[in-house]
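Each chain is listed here by its residues.
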There are 2 protein chains.
Amino acid sequence: MYCDFNIKEFTKQLQNSCTKIQTKKIKKNNTITTYIKNRNQICILVNGKADLIKYDINGNKTIIETLKENDTFGEIFFPMTTNSDLFVIAKEDCEVISFIFDDISKKCSRTCKFHETLKTNLLNLFIKKIVNQNIRIELLTKRSIREKLKSYFSSLSKNSSIKTFYIPISYTDLADYLSIDRSAMMRELKSLQEENIITRKGNKITLNK
Amino acid sequence: MYCDFNIKEFTKQLQNSCTKIQTKKIKKNNTITTYIKNRNQICILVNGKADLIKYDINGNKTIIETLKENDTFGEIFFPMTTNSDLFVIAKEDCEVISFIFDDISKKCSRTCKFHETLKTNLLNLFIKKIVNQNIRIELLTKRSIREKLKSYFSSLSKNSSIKTFYIPISYTDLADYLSIDRSAMMRELKSLQEENIITRKGNKITLNK
DNA sequence: TAAAATCTGTTGCAATTGCAACATTTTTCT
DNA sequence: AGAAAAATGTTGCAATTGCAACAGATTTTA
């Protein structure tokens, strides 16, 4: 598989390589703004969970990305013309490493033996990120709240035989993630239950039939 | 800048490297299905334009991605559980190269001198792809048709001083790209004109104020 | 160049969705 | 433990959006 490598090992390699890297620990609910201020900086979440969020002019919050262990983020991934303010908020205590992309991509003058391994690992991380983004795009292109919910649920029950699962985020956050109104989402969840398409108890969902 | 390299040069390097690569030419309106059937295959569009499209159960067409020169695509970028059918359609005559990711990521036994350059170039291409996907996600998270249109327009007039531009795709395709109903979109375009927020003549748009 | 296909433009109507405003429950903080 | 904050759940109403069904314009194809 294309992403079966060990992030801890990768971090260790980075620390031993010629590349200058930073390690930071961020407490739950704190903002990891620093990691999204330098162009060409790439961050990797080593531990914990975080959300990349945005507020629009009307105050609507959108969760652009939910980040977990192994996920990459940083301003390098956004167009220079981005006019919205982006924040990365730690949802749990987080450990983050960051480095400048040029240090990885440029030829290593000291021909350190880790340099090329890093590139390969980064390629794997990027592919993983692109896959996640495609899942997100698939969700967002759904035309109705019902379809968005069904799509989200089916991504949670990856193995098609597992029909019961727990929603890993709050319903408030889920609405922001699906980019829909929370009350409209709750109403739709109710309909899905009434039509016996799902069974719901708290954040435990079962897909019926 | 992080993506200022020459795709032609890259292609030439690929051909001289130890990596097995394929080159194919596809005529306008033909389907490039072959390029999205093998897991771990990465394709690069060297010339032309293409759309990555999807049809849902209700027959709604969605343009997942608009591909142009330098863009990467392939099944490697989608989760294995994807149940929707994806097609890549050439919108113009296209030239595509493809190779197996493992051939790039694994160590080169013949230590050919291009191998590492390829990795670096791929990293650049992947970052470019992630940036494009973020632009798409930004668009799709917009809560209304009006906001989606304004967001799309502003991405076209990247340089904020340029207020006039041409929409590079048909309005029918634009609706599929924004994942909205075409007639509702036309109605909104009309409102934007009536409120003098834009001026529109065919596919030429001017942002007023 | 004529016919076919696609794209653009428009409208009425129905369905979906967002908004505002609550009450209730659960979680977090001191 | 008690207060404060956040999350869940609900509803009526208004606004937005999608759908269907056209007509006309433009482009492609035979």
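Counting restarts for each chain: residues are numbered from 1 in the order of the written sequence. Written order determines the labels here, with chains lettered from A and ligands numbered from 1. Note on the predicted model: pLDDT of at least 70 is required for a residue's local features to be given, and 80 or more for side-chain atom pairs to be given and counted; whole-chain, interface and lining totals, by contrast, use all residues. Only heavy atoms go into the side-chain values, all of them from the structure, while hydrogens and water stay out.

### Some remarks on the protein's contact with DNA strand C
Then comes step 1: Throughout this document, a residue counts as near a molecule or strand when at least one of its heavy atoms sits within 4 Å of that molecule or strand. Around DNA strand C there are 18 residues in total, and A:Ser144, A:Ile145, B:Met186, B:Lys190 and B:Arg200 lie nearest to it.
Then comes step 2: Here a polar contact is taken to be a pair of N or O atoms separated by no more than 3.5 Å, where protein atoms must pair a possible hydrogen donor with a possible acceptor and residues adjacent in sequence count only if both atoms sit in side chains. Between a base nitrogen of DNA strand C and a side-chain N or O atom of A:Arg187, the distance comes to 3.0 Å.
Then comes step 3: Comment: elements are numbered from the N terminus, with helices defined as DSSP H or I runs of at least four residues and strands as E runs of at least two. Listing elements by their share of the surface near DNA strand C, those giving two or more residues are helix H6 (182–194) of chain A together with helix H5 (171–178) and helix H6 (182–194) of chain B.
Then comes step 4: When residues of the surface near DNA strand C are assigned to their parent elements, the largest contribution, five residues, is made by H6(B).

### Some thoughts on the pattern of salt bridges
Then comes step 1: Just to be clear on terms, a salt bridge is a Lys or Arg side-chain nitrogen sitting within 4 Å of an Asp or Glu carboxyl oxygen. By the definition in use, this model includes 24 salt bridges over all chains.
Then comes step 2: With a shortest N-O distance of 2.6 Å, A:Lys129 and A:Glu65 are connected by a salt bridge. Taken as a pair, A:Lys129 in helix H3 (residues 115–140) and A:Glu65 in strand S4 (residues 61–67) lie far apart in primary sequence, 64 residues in all.
Then comes step 3: Think of it in three bands: residues with accessible area under 20% of the maximum for their type are buried, residues over 50% are exposed, and the middle band is partly exposed, with areas taken using a 1.4 Å probe on protein chains only. Using a relative accessible area of 5% as the deciding quantity, one classes A:Lys129 as buried.
Then comes step 4: For the salt bridge of B:Asp51 with B:Lys91, the shortest nitrogen-to-oxygen distance reads 3.9 Å. Highlighted residues: B:Asp51 in strand S3 (residues 50–55) and B:Lys91 in the loop between strand S6 (86–90) and strand S7 (94–100), separated in sequence by 40 residues.
Then comes step 5: The buried category is assigned to B:Asp51, whose relative accessible area is 7%.
Then comes step 6: What emerges from the salt-bridge pattern is a single network uniting A:Asp51, A:Lys61, A:Lys91 and A:Asp173.

### Quick notes on unusual backbone geometry
Working note: non-glycine residues mostly have negative phi, and peptide bonds are mostly trans.
Then comes step 1: Phi at A:Ser179 takes a positive value of approximately 65 degrees, unusual for a residue other than glycine.
Then comes step 2: Its location among the elements puts A:Ser179 in the loop between helix H5 (171–178) and H6.
Then comes step 3: Phi is positive for B:Asn29, which is not a glycine, with a value near 70 degrees.
Then comes step 4: Mapped onto the secondary structure, B:Asn29 falls in the loop between strand S1 (21–26) and strand S2 (41–47).

### Digging into the interface of chain A and chain B
Then comes step 1: With 44 residues of chain A at the contact, the number on the chain B side is 44 residues.
Then comes step 2: Put simply, buried area is how much 1.4 Å-probe accessible surface two parts lose in total, over both of them, once they are put together. For the pairing of chain A and chain B, the buried interface totals around 4,300 Å² over both sides, and the portion due to carbon and sulfur atoms is 62%.
Then comes step 3: By the criterion of area lost to chain B, the three top residues of chain A are A:Leu123, A:Ile130 and A:Arg143, representing 16% of everything that side buries.
Then comes step 4: There are two salt bridges connecting chain A and chain B. Working rule for contacts: check all heavy atoms of both residues, and any pair within 4.5 Å makes them a contact.

### Digging into the environment of B:Pro168
All names here are of chain B.
Then comes step 1: Take Pro 168: it is sitting in the loop between strand S8 (164–166) and H5.
Then comes step 2: Linking Pro 168 and Asn 60, residues 108 residues apart in sequence, is a C-alpha distance of 22 Å.
Then comes step 3: Residues within four places of Pro 168 in sequence aside, it is in contact with Tyr 152 and Leu 156.

### Some thoughts on the protein's contact with DNA strand D
Then comes step 1: Near DNA strand D you find 18 residues, and of these A:Thr172, A:Met186, A:Lys190, B:Ser144 and B:Ile145 are the closest.
Then comes step 2: Put simply, 51% of the atoms of DNA strand D that lie within 4 Å of the protein are in sugar or phosphate.
Then comes step 3: At 3.0 Å, a side-chain N or O of A:Arg200 approaches a phosphate oxygen of DNA strand D.
Then comes step 4: Backbone polar atom of B:Ile145 to a phosphate oxygen of DNA strand D: 2.9 Å apart, as the coordinates give it.
Then comes step 5: Mapped by element, the contributors of at least two residues to the surface near DNA strand D are H5 and H6 of chain A together with H6 of chain B.
Then comes step 6: Broken down by element, the residue count for the surface near DNA strand D peaks at five residues, all from H6(A).
Then comes step 7: For this classification, the nonpolar set comprises Ala, Val, Leu, Ile, Met, Phe, Trp, Tyr, Cys and Pro, the charged set comprises Asp, Glu, Lys and Arg, and every other residue, Gly included, is treated as polar. Of the residues in the surface near DNA strand D, the class split is five nonpolar, five polar and eight charged.

### Here's the deal with the sheet that holds strand S6 (residues 86–90) of chain A
All names here are of chain A.
Then comes step 1: Strand order in this open sheet of three strands is S4-S3-S6, and the pairing throughout is antiparallel. The sheet is open, and its two borders are formed by S4 and S6, each paired with just one other strand. Across the sheet, the mean angle separating the axes of adjacent strands is 30 degrees when strand polarity is ignored.
Then comes step 2: The pairing of strand S3 (residues 50–55) with S4 spans six bridges and is antiparallel. When the sheet's bridge partners are listed, Ile 53 is paired in S4 with Ile 63. By definition, two strands form a pair when at least two bridges between them are found by DSSP. Axes here mean lines fitted to C-alpha atoms, for a helix over just the part in contact, with angles spanning 0 to 180 degrees between N-to-C directions.

### Describing the domain arrangement of chain A
Residue and element names in this part refer to chain A.
Then comes step 1: Considered domain by domain, chain A is made up of domain 1 (7–140) and domain 2 (143–207).
Then comes step 2: Opposite the ten residues of domain 1 that make contact, domain 2 presents eight residues.
Then comes step 3: When domain 1 packs against domain 2, close to 960 Å² is buried across both sides, 57% of that on carbon and sulfur atoms.
Then comes step 4: Summed over the shared surface of domain 1 and domain 2, the result is two salt bridges.
Then comes step 5: Across the salt bridge formed by Asp 173 and Lys 91, the nearest N and O atoms sit 2.9 Å from each other.
Then comes step 6: Counting across the interface, domain 1 meets domain 2 through three residue pairs in polar contact (both at pLDDT 80 or more).
Then comes step 7: For the side of domain 1 that touches domain 2, the elements supplying multiple residues, two or more each, are S4 and H3.
Then comes step 8: Broken down by class, the residue content of the side of domain 1 that touches domain 2 amounts to three nonpolar, two polar and five charged. Each domain's extent is set by a domain assignment, obtained either automatically or from a database.

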